[in-house]
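Secondary and tertiary structure notes
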Amino acid sequence: MSKTDPVRQVLANLIFETQAPYTPDSILREFRATHEKRLPIHELLQVLVIISRKRPNFEQVITEIKQILKSKDPMYALLVFAERYSEDGLHLRSSPLSNEMASLATSPLPSKSSLSTLSEVHASASCTSRGSLVDEPQGIATSTPSKSCESETAFSKGLIPRRRQLQSQRSQGSNREERGDLSVIKERVLNAVSNRSMSSYRTLTSEAASGKTSSSLKTGTPPAVPPTGVPDEYRTHLLWDYYKVDGNQMPKTEIAALPLVSQQRVILDELLHCLTGVRENFVVPVLPDPSSVGLARFETVFVVNTHLDRSLAELVQEILPLASHFMGIQKIVTATDGQGQVINSLNEALQELTYDFYLLIVQAEQELHHQQLTIQKLLYYLQPTLWVMEEVWTTLVDIQLNEDRGAAVLTHLHERIKRLEGDRAAQKLIIGLTRKAAEPYMRMLKLWIQKGVIVDRNQEFLVEDNEVIHRDELPEHYSDDYWEKRYTVRRDHIPAFLEKYSDKILRTGKYLNVVRQCGKRVMPTQQMHLEFDPNSERYVSVINDAYYFAARMLLDVLLAENDLMGHLQSVKRYLLLNQGDFTMQFMDACEDELSKNVDHVLPMTLENLLGLTLRLSSARNDPYKDDLHCELLPYDLVTQMSKIMNQKEEYWQAQHRLDLSGIECFAFTYEVKWPVSLVLNHIAISKYQMLFRQLFYCKHVERQLCKIWKENAIAKKFSPQAAELYRSAFTLRQRMMNAIQNLEYYMMIEIIEPNWHIFIEKMKNVENVDNVLRLHQDFLDSCLKNCMLTESSHLNRAIFKLCKICLKFCEFIQCETSLDPADTFSERVRRFDLEFTALLISFLTQITNMAKKNTADRFMNLVHRINFNAFYSDQMDKLCVKDAMG
């Protein structure tokens, strides 16, 4: 053990003397631990006191170590402690870096899946021998290749073979797993810096003493004391950034006085340290400008000693961009830590990249230890890594400068992959980073399209849940907004590779969410594997499969389990007056009540009469008849339509009642439960009510006109002179009846029935609920438009005026009792005639003008029915001539 690890030997001897309850490994583990996991300084010092208390000089040593711990790394203090108690003059300061690296290579490393290796693009090196630097499991230093060609082959094969060897060794030493942590690797490299520096110094001075150089040291210059080490609170174990540490307390070597071979060995040693972020003497980073912006924030500029041989300096300058890029990546990882799941996952992938890079440096260090590494060979080996690292650095800097987060990061990486079509190695690495960064996003996507659930703590997912309380606690009109407003797509949170499928993703989760709220368990039919893959796009087929599964499942819930079509038929039966006998019986029963002023109508009376009528008519066989209820709205049809057309969603809120009769305010309403309320929501029921109110009002006018027909039988008993008075009134009644009946026929037979038939036929082929909602809305909108209840509100007002004049005429006829052959009665009938004719001609003229603008509408059918014999055309011409002459 003393040959491979003298520190452990010293600790083992001290523990044996004091019988302390520790092991060398446990002490080393505590001193190597990161700042967050490390014991307090006083506890570390107490451990050293316990194991060294039997030595005579332990108080002096402990005092010295205590002072060192105040400003330096605990591992450095432990090395000094071990040197003080070494029995054979423990030469810790002469221990080469390669010994530390050899110990590192035999230590268990964390199990991390590799990205694309930084050096596998260089696997086709000129040498083909199978030599390896890691043939012996106990240490790299124990196996020395017989030929330099074998060494080159092993190094040029990159990180993957090396990592596989180390991972196989890890299975033999899993009880020391914590030593493989990335921070521990970096701590061990840091501790070895001082050892390697001292070893290099002694080698060089020995060369100088043997006559290879005449002045290797600056005479008369006292040893330079490095600045105090960086306090733990200002250091991170993910980022070194060339901090100054107490690694070399001996005088600096004069590089210009060394031979070229020695210069190369020194600069190679420093260059390898510089690549991992360790400050050295001859390759010094320039202090960054705190006010720098843009790319300069993530660049590191180095100054190479001017006394270094020019040929070596030029090669060093070609390698140094790799150190700058690597440190820039580390800065970005540290700066963005904790800024969302996507960024954290990308940083995790970059840590694996860092892990691979350190292993590559370990291999180079081993080559240097065997004196088989030249700076030309190092440049040759690192060239592929340099290209790839530059691409990673450029990508990360663009992300950082644009302040991209979440989906924007994935979009940027996806676009970068497209631009790297000519560089397979860099593209493969960026694909690996993108795949890793997309993992949390794909997990959220999987949960959404598999169960309809959103787990998005950082607000990164493309679907936003606007729910604030439980559905059962929401107000009455929740279903109106649920489908459109509960879940929405955030367009700026969609990765570019999911842009085309965002709407389908939204609908998939919405469908499953509704199914879950219906109390059904969502059970996917197959295993779902979602992973970003720019080549095959297998995730597209997964999304499509999930969408069709969710769509079919919700359709089954609506159509089969909740009988949506049965509810729609029931709505049509009552609100569109399709149940003729029920409609007539209800109007007979409620006519007296509805003729009152709306403030005097008793809703309970209407409900009782409705229930009685439902059970006496053929509607008693309807299983959903109890969902039908009466409602007295606080406004007439024209006002309701105006409010809907103005898109005032709060139109159903209570307002001051107008001076209206019950028949003008009456409407049926239909109440359904979830999830049928998704389709028959309040907006849809309101549209049904508009159609119902117009049809019901026209039916009421028709009934009143039919009552006047009874006067015909009475008039037959009158003398011819007396009957002559009623002839014009009965003629006017017939014209009114013809207009109203043709208006009803047009709306019910020519508009509602054909559109209903089209709706039912299309419903047989629907694939999802969105199609159901769209078809249902198209049916209602088409009916409203052709029944003159939409943008043509002036037509609806004309119909309302026609109905009002008919009702006034009926009231006049029924209340008139005088048969005196005076002109009063005839004059009043004539005025009714003129007013009705004028209104009807105006109505037909408006329809004709609208039909000229839009030939697709069916308004002209109504004109032809009412004006079937061109009677009103002649009247219109006469009025025009009269107006012209007047």
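Only a predicted model underlies this, so the values are computations on that prediction, with no experimental measurement involved.

On a plain count of helices and strands, the chain comes out with 32 helices and six strands. The buried share of the chain, taken over its 886 residues, is 53%. Counting only carbon and sulfur atoms, one obtains 51% of the accessible surface of the chain, whose full area is about 41,100 Å².

The next subject is the packing of aromatic side chains. One pass over the full model with this rule turns up 26 aromatic pairs. A ring pair is formed by W756 and F759, whose centres lie 5.6 Å apart and whose planes are at 55°; its orientation type is tilted. Residue W756 and its partner F759 are both found in helix α27 (residues 720-763); the two are separated by three residues, about one turn of the helix. F759 shares its class with W756; the two are buried. Arranged with centres 5.4 Å apart and planes meeting at 70°, the rings of W756 and F779 form a pair that is edge-to-face. Remark: F779 occurs in helix α28 (residues 769-786) and W756 occurs in helix α27; sequence separation between them is 23 residues.

Two numbers describe how helix α4 (residues 58-71) lies on helix α5 (residues 74-84): the axes approach to 9 Å, and their chain directions differ by 160°. Relative to α5, the element α4 lies roughly antiparallel. Crossing hand, α4 versus α5: right-handed. Across the interface between the two elements, V61, I62, E64, I65, I68 and L69 from α4 touch P74, Y76, A77, V80, F81 and R84 from α5. Class assignment of the residues belonging to the contact of α4 with α5 gives a composition of ten nonpolar, no polar and two charged.

Over its 29 residues, helix α12 (residues 341-369) extends 42 Å from the first C-alpha to the last, a length consistent with the 42 Å expected when each residue adds 1.5 Å. Just beyond α12, the residue with positive phi is Q371, at close to 55°.

The next point concerns the packing of α12 against helix α13 (residues 375-401). Running from N to C, α12 and α13 point in directions that differ by 165°, and their axes come no closer than 12 Å. Taken as axis vectors, α12 and α13 run roughly antiparallel relative to one another. The element α12 and its partner α13 pack so that their crossing is left-handed. Mapping the contact onto sequence places L346, L350, L353, F357, L360, A364 and E367 in α12 and K377, L378, L382, T385, M389, V392 and L396 in α13. In the contact of α12 with α13, the residues fall into eleven nonpolar, one polar and two charged.

Another point: the state of the cysteines. Joining two cysteines, a disulfide is a covalent bond between their sulfur atoms. Counting across every chain of the model gives zero disulfides. Left unpaired, C630 is separated from the closest cysteine sulfur, that of C590, by 6.4 Å.

Of all five residues in strand β6 (residues 666-670), five are buried; the element is thus mostly enclosed. The alternating pattern of β6 places F666, F668 and Y670 on one face and A667 and T669 on the opposite face, and all of these are buried. Pairing of strand β5 (residues 628-632) with β6 involves five bridges; the strand directions are antiparallel. Following the sheet pairing, L632 is matched in β6 by F666.

Summarising the element assignment, L743 is placed in helix α27. Leave out the neighbours within four places in its chain, and L743 touches C698, M788, I799 and L862.

Bringing the pattern of salt bridges into the picture now. Pairs may arise between side chains of opposite charge once their charged atoms sit close together. Under the defined criterion, the tally for this structure stands at 32 salt bridges. E531 is the partner of R435 in a salt bridge, and the nearest nitrogen-oxygen pair spans 3.9 Å. Here E531 lies in the loop between α18 (502-517) and α19 (538-561) and R435 lies in helix α15 (residues 424-437), a separation of 96 residues in the sequence. With a relative accessible area of 29%, E531 lands in the partly exposed category. Among the salt bridges present, the one from R573 reaches D622, with a minimum N-O distance of 3.1 Å. Residue R573 is found in helix α20 (residues 564-575), and its partner D622 is found in the loop between α22 (603-616) and β5; the two are separated by 49 residues along the sequence.

Right, let's talk about the nonpolar core for a bit. Judged by nonpolar contacts, the single largest core of 118 residues is most densely connected at F666, F668, Y688, M788, F836 and F843. No other element matches α27, which puts 17 residues into this core. Viewed by domain, this core spans two of them, domain 3 (433-561) and domain 4 (717-885), each represented by three or more residues. Non-local contacts of F666, meaning those with residues more than four positions away in its chain, are made with F586, L594, L606, C630, E631, L632, F692, R693 and F696.

We now examine the environment of T354. Inspection of the secondary structure assignment puts T354 in helix α12. Note: C-alpha distance between T354 and Q330 (24 residues apart in sequence) is 8.5 Å.

What follows deals with a nonpolar patch on the surface. Together, V286, V301 and V303 make up a nonpolar patch on the protein surface, roughly 250 Å² of accessible area in all. Its place among the elements puts V286 in the loop between β1 (283-285) and β2 (302-304). A relative accessible area of 42% places V286 in the partly exposed class.

This part takes up unusual backbone geometry. In this model, W674 is joined to P675 through a cis peptide bond whose omega is 10°. Residue placement: P675 occurs in the loop between β6 and α25 (682-708). Notably, Q459 is not glycine yet its phi reads approximately 55°, a positive angle. One can find Q459 in the loop between α16 (439-451) and β3 (463-465). Residue Q459 is classed as partly exposed on the basis of its relative accessible area of 44%.

Looking now at the confidence of the model for the chain. Here the chain averages 75 in pLDDT, while 72% of its residues score no lower than 70. Ranking the elements of the chain by mean pLDDT puts helix α6 (residues 97-106) last with 35 and α20 first with 94. Considering only residues more than four positions removed or in separate chains, one finds that residues 88-238, a stretch of pLDDT under 50, has 292 contacts. Here residues 647-656 scores under 50 on pLDDT; set against residues more than four positions off or in separate chains, the count is 18 contacts.

Calculation rules
- Residues numbered from 1 in each chain as written.
- Predicted model: local features only at pLDDT ≥ 70, side-chain atom pairs only at ≥ 80, totals over all residues.
- Heavy atoms only, no water.
- Helix = DSSP H or I, 4+ residues; strand = E, 2+ residues; numbered from the N terminus.
- Buried < 20%, exposed > 50% of the residue type's maximum accessible area, 1.4 Å probe, protein only.
- Areas by Shrake-Rupley, 256 points an atom, 1.4 Å probe, with all protein chains shown as cover.
- Phe/Tyr/Trp six-rings, centres within 6.5 Å; stacked < 30°, edge-to-face > 60°.
- Axes fitted to C-alpha atoms, helices over the stretch in contact; angles between N-to-C directions.
- Parallel < 35°, antiparallel > 145°, perpendicular 65-115°, else oblique.
- Left-handed = near helix turned anticlockwise from the far one by under 90°.
- Contact = heavy atoms within 4.5 Å.
- Nonpolar A, V, L, I, M, F, W, Y, C, P; charged D, E, K, R; others polar.
- Expected span 1.5 Å × (residues − 1).
- Disulfide = S-S within 2.5 Å.
- Pairing = 2+ DSSP bridges.
- Salt bridge = Lys/Arg side-chain N within 4 Å of Asp/Glu carboxyl O.
- Core = buried A, V, L, I, M, F, W, Y, C linked by side-chain atoms within 4.5 Å.
- Domains from an automatic or database assignment.
- Patch = residues over 30% accessible without salt bridge, like charges linked within 9 Å, V, L, I, M, F, W, Y side chains within 5 Å.
- pLDDT = per-residue confidence, 0-100.

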